[in-house]
Amino acid sequence: MIGKAILHYKILEKLGQGGMGIVYLAEDTKLERQVAIKFLPHHIAGNTDERKRFETEAKAAAALNHPNIATIHAIEESENEMFLVMEYIEGIELKQQIDRGKLGIERTVDIAIQIAEGLQAAHKKGIAHRDIKSSNIMLTVDGKVKIMDFGLAKFRSSTPAKAGTTVGTAAYMSPEMSNGEEADHRTDIWSFGIVVYEMIAGQLPFQGDYELAVLYAIVNEPPKPLSDYIKGIPKVLETVIDKCLMKDVEERYQNIESILQESIFKSYHSISSEAIEELEDVKSSVKIRKTHLFALITLFVVLAFFVSQIVFINEPDIAKQENSNILLKRIAVLPFNNLNNNPESNYLGFALSDRIISSLAYIEELLVRPSRSVRPYQNIEVETKSIAEKLKVDYILSGNYLKENDMVRLSLELIDVKTNNLIWHEGIELPFENTFKLQDLVSQKVVDNLKIHFSSKSTDDNSTNNPAAYEYFLRALSYPLSLEGHQLSIEMFKKSIELDSTFAPAYAELGFRLHLIASYDLNERSRLEDAEKAYEKALAINKNLLTGLSQLAVLYTEKNKAVKAVELIKKALAINPNNAGAHFWLGYIYRYTGLLKESVEEMEKAVALDPGNPRFRSLGVTYIYQQQFEKALIGLNLDEESTYTKAWKGNIYLRKSQFAKAKKYLSDAITQQPGGSLGTWSKAMLYYIDGEIDKGLEMIRKLETSDVFDGEQFYNYANLYGLYGKKEDCIRVLKKAVESGFYCYPFLLNDSFLNNVRNDDAFQKILIDAKEKHESFKKKFFLE
């Protein structure tokens, strides 16, 4: 063939030969460029059906446009020969590079991330490679990675379990391919793990003198630990490779993107998730700097550092928000320790820190972590640095207190976590009846020592002059966020208000507890009206009370008053533009009204300002509405052990038809809250999976008739009716949802649970109504 011309391609030299034919270097005389030509085996070119199928696959592969994928320029035919015209890559095979010696951790990870990026781009287009191996990966002269032969592996003449493939090729096969089973994109994840293992160890994890011996090892034997080959291999990298090489395909990573993110969250945030954001945006938004101290640290670890700054990856808007807030100072006020551990005064530890947090929340130059973020550190000993890393703060305010007779002695210290310097230390002693003045005193000292100032907005009087009212208030704050805790708290807030009817924070906190108990207990729906009145009373006393503005906005959203809700949140953001809660609840409003892009933007701002806040878990639901299930898992993991998260994870896996996982999470939710709304909702989904239709419908009807007030709840009951195929019930409740203020038009268009009713005329009318409401809201706030 050398020197011959086929069509307008002149053959220059032979480059290689493999299972899919012979490859030549050629000159494209029309475009005056060098190309690689691969002549295909006759079992493809000579079979009409096989050729058509090949052309379909090759066209799909040719549509891939990614810097880490070798481009297919054309499919040509000449004189009964069929050949591909591909990008010519000047370089060597990764296999050849490995044969020269181990690559080292840094180079290995650089290559691995490029392979992963190429695979991600292909998988998003629905194309699996099925033959990832080091000889199918080229390294260019400038260090770039190119994956060869996308979409072609399925056309090999031999099946995996039969003779005809080489031992080298068999060594990269997944267990499912080795068993002759149909393979999907997860077989690429297995092979990716093999290649990364090979780069580190210098040899393959599964070996044998002949093909069947290799296949037996793949299916039955564990790989030799990488630590046997190289000392000091980062544990995070070894963990990633181990999960890639899980023999059960369901236990393996479920998508290529999850590889980096899973390892990062296990190492730095202890968040267990299969989810990931996309790798392209990470690399484009993060510049990796190398120093001699980190010469052997993997790219995974470097990325983890940046994730620790921005919480989620693939979120350039969050990164911008972080950069714009670079002068902001972040602080956590930890619950104070009771020196004499007197049960009668233990409540003061959390309550006093909560009040100081509330005072500091008004300061634009200070990002203070909310009470719910620090509550887990009540009455436990944890290293300051560890807490600071978890809460992403620069300063920690902590202390001890002692209550004896009518006096309270407080010993406080403010620490700069980065330098471990003690900025301020002071003992304060006050009569117990004046403890309500403590919050302002301590807050002012914090502000003075951090060299920032209170704005005029923060001077509103949020205190009471009644010591007994304040004591009831503090006791109420200390109760946990549980059903029993809510009940006890409500009684204490009521007693506080009886003693001082002008104590605005007591009304706001009472509204919050009433709101929570009404939302999650089917028998407590009537408390919702009381919650609304309490919020409104708080704001009537103090129009700038941040907690009152945000919480009433949430309730207004759920009660079909989205316009009023936005007005309240905009007011809260005018008081403090850096208030994380206000940004989050604005995103909550946008979700109900169908502005999903804007919803994500606001919620991500909130997470950037206050990483790890468990109340921001609802970001996961917004991602579900965008059909981004992997991201949803990360968002929900902000409150990983809650019933809310368990139930919604069950919903996600039901949508993905991963029924075993769905049942696990739904069962957990039912165990945690058997009689509540989330537990009942979980039962409805679990019964669907188990085929117990009558029981499932009974659960949905119980939910529907439980004095529902929230349009989003109506919607989630309606789409379950749709899932069960109950068209009339679905349409009826769906109409209630839209009329009650949940008109998330984009989700109605795409929710798979509604597929059974989508072509119904009544559904189309509801869709039109939702669209009109959505467009009206959008016009009012974004198009004026």
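Asks: Describe the overall build of the chain, naming the residues involved and giving the relevant values.
Replies: Counting its regular elements, the chain contains 35 helices and 15 strands. When each of the 784 residues of the chain is scored for burial, the buried share is 58%. Of the contacts made within the chain by residues no fewer than 6 positions apart, 63% connect residues no fewer than 24 positions apart. Element-wise, carbon and sulfur atoms account for 49% of the exposed surface of the chain, whose accessible area totals about 32,900 Å².

Asks: Outline the packing of aromatic side chains, listing residues and values.
Replies: All chains considered together, the criterion is met by 23 aromatic pairs. Centroid distance Tyr625 to Phe747: 4.2 Å. Interplanar angle 20 degrees. Geometry classified as stacked. Placement of Tyr625 in helix α26 (residues 619-625) and of Phe747 in helix α34 (residues 745-750) is noted, with a sequence separation of 122 residues between them. Phe747 carries the same exposure label as Tyr625, and that label is buried. Where Tyr688 meets Tyr724, the ring centres are 5.3 Å apart and the plane angle is 70 degrees; that geometry is what we call edge-to-face. Placement of the pair is Tyr688 in helix α30 (residues 677-690) and Tyr724 in the loop between α32 (711-723) and α33 (727-739), with a sequence separation of 36 residues.

Asks: Give a detailed account of helix α22 (residues 546-558), specifying residues and quantitative values.
Replies: With 13 residues, α22 ought to run about 18 Å at 1.5 Å a step, and its terminal C-alpha atoms sit 19 Å apart, in line with that. For α22, a buried count of 12 out of 13 residues is recorded, marking the element as mostly surrounded by other parts of the structure. Turning to α22, its buried residues are Leu546, Gly548, Leu549, Ser550, Gln551, Leu552, Ala553, Val554, Leu555, Tyr556, Thr557 and Glu558. Buried-residue contacts for α22 involve α20 (504-520), α21 (527-541), α23 (562-575), α24 (580-592) and α32.

Asks: How would you explain empty space enclosed by the protein if you had to name every residue and give the values?
Replies: Using the criterion set out here, one finds five cavities of 30 Å³ or more in the structure. Of all the secondary structure elements, the ones that give two or more residues to the lining of the largest cavity are α14 (347-360), β12 (366-368), α15 (371-374), α20, α22 and α24.

Asks: Could you give an account of unusual backbone geometry, with specific residues and numbers?
Replies: Of note, Leu7 is a non-glycine position whose phi angle comes to about 55 degrees, a positive value. Summarising the element assignment, Leu7 is placed in the loop between β1 (5-6) and β2 (9-18). For Arg130, which is not glycine, the phi torsion reads 75 degrees and is therefore positive. Secondary-structure assignment places Arg130 in the loop between α4 (105-124) and β8 (137-140). Taking the relative accessible area as the measure of exposure, Arg130 reaches 18% and is therefore buried.

Asks: Outline the sheet that holds strand β7 (residues 91-93), listing residues and values.
Replies: Overall, antiparallel pairing links the three strands, which are arranged β7-β8-β9 in an open sheet. One side of each edge strand has no neighbouring strand; the edge strands of this open sheet are β7 and β9 (145-147). If you compare each strand with its neighbour and ignore which way they point, the axes differ by 30 degrees on average. In this structure, β8 lies alongside β9, joined through three bridges in antiparallel fashion. Paired with Ile137 across the two strands is Ile147, which belongs to β9. Across the face of the sheet, α4 comes into contact with β8 and β9 while running at roughly 40 degrees to β9.

Asks: Break down the confidence of the model for the chain for me, citing the residues and quoting the values.
Replies: Fine structural detail should not be taken from predicted coordinates in areas where pLDDT scores are low. Per-residue confidence for the chain averages 80 on the pLDDT scale, and 83% of its residues sit at or above 70. Confidence, expressed as mean pLDDT per element, reaches its minimum in the chain at helix α11 (residues 279-285) with 32 and its maximum at α26 with 96. A low-confidence stretch, residues 456-460 stays under pLDDT 50, and its non-local contacts, those more than four residues away or across chains, total seven contacts.

Asks: Describe the environment of Asp530, listing the residues and the values that go with them.
Replies: Tracing the backbone through its elements, the reader meets Asp530 in helix α21. For Asp530, a relative accessible area of 40% puts it in the partly exposed group. The spatial distance from the C-alpha of Asp530 to the C-alpha of Ala518 is 9.8 Å, given a sequence separation of 12 residues.

Asks: Hey, could you go over the pattern of salt bridges for me, with residue numbers and the actual values?
Replies: Taken as a whole, this structure holds 29 salt bridges when the rule is applied. Between Glu692 and Lys695 there is a salt bridge, with the nearest N and O atoms lying 3.1 Å from each other. A relative accessible area of 28% places Glu692 in the partly exposed class. A salt bridge links Arg732 to Asp729; the shortest N-O distance between them is 2.6 Å.

Asks: Before we move on, could you go through the packing of α22 against α23 and cite the residues and values that matter?
Replies: Two numbers describe how α22 lies on α23: the axes approach to 8 Å, and their chain directions differ by 160 degrees. Of the possible angle classes, the one that applies to α22 and α23 is roughly antiparallel. With respect to the hand of their crossing, α22 and α23 are arranged in left-handed fashion. Mapping the contact onto sequence places Leu546, Leu549, Ser550, Leu552, Ala553, Tyr556 and Thr557 in α22 and Ala562, Lys564, Ala565, Leu568, Ile569, Lys571, Ala572 and Ile575 in α23. Here the contact of α22 with α23 is composed, by residue class, of 11 nonpolar, two polar and two charged.

Asks: Summarise the nonpolar core; cite the residues concerned and give the values.
Replies: Counting residues in each nonpolar core, the largest one holds 159 residues, and the members touching the most others are Ile331, Leu360, Leu397, Val442, Leu474, Tyr625 and Trp681. No other element matches the 10 residues that α20 contributes to this core. Those residues in contact with Tyr625 that lie beyond four places of it in its chain are Arg591, Leu596, Trp648, Glu712, Asn716, Phe742, Cys744 and Phe747. Ile72, Leu84, Met199 and Ile241 belong to the second largest nonpolar core, which has 64 residues in total.

The rules behind each value
- Residues numbered from 1 in each chain as written.
- Predicted model: local features only at pLDDT ≥ 70, side-chain atom pairs only at ≥ 80, totals over all residues.
- Heavy atoms only, no water.
- Helix = DSSP H or I, 4+ residues; strand = E, 2+ residues; numbered from the N terminus.
- Buried < 20%, exposed > 50% of the residue type's maximum accessible area, 1.4 Å probe, protein only.
- Contact = heavy atoms within 4.5 Å.
- Areas by Shrake-Rupley, 256 points an atom, 1.4 Å probe, with all protein chains shown as cover.
- Phe/Tyr/Trp six-rings, centres within 6.5 Å; stacked < 30°, edge-to-face > 60°.
- Expected span 1.5 Å × (residues − 1).
- 1 Å grid on protein atoms, 1.4 Å probe; cavity = no way out; pocket = protein on both sides within 12 Å on 5 of 7 lines; lining within 4 Å.
- Points joined across faces, edges and corners; volume = space filled by probe spheres on them.
- Pairing = 2+ DSSP bridges.
- Axes fitted to C-alpha atoms, helices over the stretch in contact; angles between N-to-C directions.
- pLDDT = per-residue confidence, 0-100.
- Salt bridge = Lys/Arg side-chain N within 4 Å of Asp/Glu carboxyl O.
- Parallel < 35°, antiparallel > 145°, perpendicular 65-115°, else oblique.
- Left-handed = near helix turned anticlockwise from the far one by under 90°.
- Nonpolar A, V, L, I, M, F, W, Y, C, P; charged D, E, K, R; others polar.
- Core = buried A, V, L, I, M, F, W, Y, C linked by side-chain atoms within 4.5 Å.

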